[in-house]
Amino acid sequence: MHPTHPPLPPLDSALIGLGALALTLIPVVRALSGHFSAMGREGAHALLAIFLGFSVAEIALDRHSGGKTKVIAGEGLRLVLVLALGYLGPSLFGLAAAWIISVGRPAAVIWLAAMLLVLMMFLIARSFGYISVPIAIIALVGILRFARGTPEVFIAYALAWLLLLSGLRHALIDGIKAEDAHNLRKATFMPRALWALAWMIGAGAALLLGGKLLIYG
């Protein structure tokens, strides 16, 4: 068991958040945050589908930070929940990470991320995910093995910020074009723009709450 760790000073957390923001905006490195966000989004789709009683056939991740989760025999309100809430996966995972950090367990964020990615490997289809997910797992395990103490804490904060910020970025830029928005329009007859707006509000609220937890504890 890792010992509890007091929250970082607000300025340190804010600076980590600015660094994570740069990763989501600068084109040269934006792909890194995009792939991590895609893992969060498709992982959330799969977790929700399994929790609601569906079978998940596979998860495909492409080299352009996109992805698709194939659910077997999904329909009705449960499918709507999988599509709607799953798209907010990065933001929800980021909010959960911020809460775990706020209670003094930053190392648990890295452990949970690594374990969830290992479980995802059992569902990965023949796609770019065969490369991106193992690389992410190796990186997280390496952090847990060789970056204990203060570096581990800073990385946990960075992961939480990255999930929160990339979740909002994708909701703002890609929400209305997302395949989930198309599928939700077919399932509910509600316009794509309305779903995109709901995702923007949800991701923005997660960033505000998660940011508060990360800065003020």
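Look a little higher up for the structure.
As the structure is a prediction and not an experimental result, all values here were calculated from the model. (Residues numbered from 1 in each chain as written. Predicted model: local features only at pLDDT ≥ 70, side-chain atom pairs only at ≥ 80, totals over all residues. Heavy atoms only, no water.)

Student: Is there a simple way to think about the overall build of the chain in this case?
Tutor: Looking only at helices and strands, one finds nine helices and two strands in the chain. Listing every helix and strand of the chain by position from the N terminus yields α-α-β-β-α-α-α-α-α-α-α. Over its C-alpha atoms the chain spans a radius of gyration of 17 Å, differing by no more than 12% from the 17 Å that the globule rule assigns to 217 residues. In the chain, of all internal contacts separated by at least 6 residues, the share reaching a separation of at least 24 is 73%. (Helix = DSSP H or I, 4+ residues; strand = E, 2+ residues; numbered from the N terminus. Rg over C-alpha atoms; globule rule 2.2 N^0.38 Å. Contact = heavy atoms within 4.5 Å.)

Student: Would you mind going over unusual backbone geometry with me for this structure?
Tutor: Note on backbone geometry: most residues besides glycine have negative phi, and most peptide bonds are trans. Of note in this structure, Phe 189 is not a glycine but carries a positive phi near 65°. In this fold, Phe 189 is placed in the loop between helix 8 (179-188) and helix 9 (192-216).

Student: I would appreciate a short explanation of the packing of helix 5 (residues 106-121) against helix 7 (residues 150-174) in the present structure.
Tutor: The relative placement of two packed helices is expressed as an angle between their axes plus a distance between the axes. Closest axis-to-axis distance for the helix 5/helix 7 pair is 8 Å, and the angle between their directions is 60°. Note that helix 5 runs across helix 7; the crossing there is left-handed. Here Pro 106, Ala 107, Val 109 and Ile 110 of helix 5 come into contact with helix 7, specifically with Glu 152, Val 153, Ile 155, Ala 156 and Leu 159. Its residues placed into classes, the contact of helix 5 with helix 7 shows eight nonpolar, no polar and one charged. (Axes fitted to C-alpha atoms, helices over the stretch in contact; angles between N-to-C directions. Left-handed = near helix turned anticlockwise from the far one by under 90°. Nonpolar A, V, L, I, M, F, W, Y, C, P; charged D, E, K, R; others polar.)

Student: I keep staring at the pattern of salt bridges and nothing clicks. Help me out?
Tutor: It is possible for side chains bearing opposite charge to pair when their charged atoms get close. Summed over all chains, the structure comprises two salt bridges. Put simply, Glu 42 and Arg 41 hold a salt bridge, and the shortest N to O gap is 3.7 Å. Just as Glu 42 is buried, Arg 41 falls in that class too. Across the pair Asp 174 and Lys 177 runs a salt bridge whose closest N-O atoms are separated by 3.9 Å. Classification of Asp 174 as partly exposed rests on a relative accessible area of 23%. (Salt bridge = Lys/Arg side-chain N within 4 Å of Asp/Glu carboxyl O. Buried < 20%, exposed > 50% of the residue type's maximum accessible area, 1.4 Å probe, protein only.)

Student: Would you explain a nonpolar patch on the surface in this entry?
Tutor: A cluster of nonpolar side chains, namely Leu 11, Leu 15, Leu 18, Leu 21, Leu 25, Ile 26 and Val 28, defines an oily patch on the protein surface of about 700 Å² accessible area. The dominant element in the nonpolar patch, judged by the number of residues it contributes, is helix 1 (residues 10-25), at five residues. Residue Val 28 is classed as exposed on the basis of its relative accessible area of 76%. (Patch = residues over 30% accessible without salt bridge, like charges linked within 9 Å, V, L, I, M, F, W, Y side chains within 5 Å. Areas by Shrake-Rupley, 256 points an atom, 1.4 Å probe, with all protein chains shown as cover.)

Student: Can you help me understand the nonpolar core in this one?
Tutor: Proteins that are soluble and globular tend to have nonpolar side chains buried together. By size, the foremost hydrophobic cluster in this structure holds 60 residues, and its most contacted members are Leu 61, Leu 117, Met 120, Val 133, Leu 140, Trp 199 and Leu 214. Of the residues forming this core, the biggest block, 12 residues, is contributed by helix 7. Once residues within four sequence positions are removed from consideration, Leu 117 is found in contact with Met 39, Val 133, Ala 136, Ile 137 and Leu 140. (Core = buried A, V, L, I, M, F, W, Y, C linked by side-chain atoms within 4.5 Å.)

Student: What is the right way to look at the packing of aromatic side chains in this model?
Tutor: The description of an aromatic ring pair uses the distance of the two centres, along with the angle that the planes make with each other. Here the structure, examined in full by the defined rule, presents one aromatic pair. When the ring of Tyr 87 is compared with that of Trp 199, the centres are 4.1 Å apart and the planes differ by 20°; the resulting orientation is stacked. Note that Tyr 87 is positioned in the loop between helix 3 (76-86) and helix 4 (89-102) and Trp 199 in helix 9, a separation of 112 residues in sequence. Here Tyr 87 and Trp 199 have matching classes, each one buried. (Phe/Tyr/Trp six-rings, centres within 6.5 Å; stacked < 30°, edge-to-face > 60°.)

Student: Explain the side chain of Arg 41 here, please?
Tutor: Position of Arg 41 relative to the elements: it lies in helix 2 (residues 27-51). Not counting residues up to four positions away in its chain, the partners in contact with Arg 41 are Ser 65, Gly 66, Gly 67, Gly 86, Tyr 87, Gly 89, Pro 90 and His 170.

Student: Just checking my understanding: could you explain helix 3 for this structure?
Tutor: The α-helix advances 3.6 residues per turn, and as a result positions three or four apart in sequence lie on the same side. Restricting attention to buried positions, one finds in helix 3 the residues Leu 79, Val 80, Val 82, Leu 83, Ala 84 and Gly 86. On its buried face, helix 3 is in contact with helix 2, helix 4, helix 8 and helix 9.

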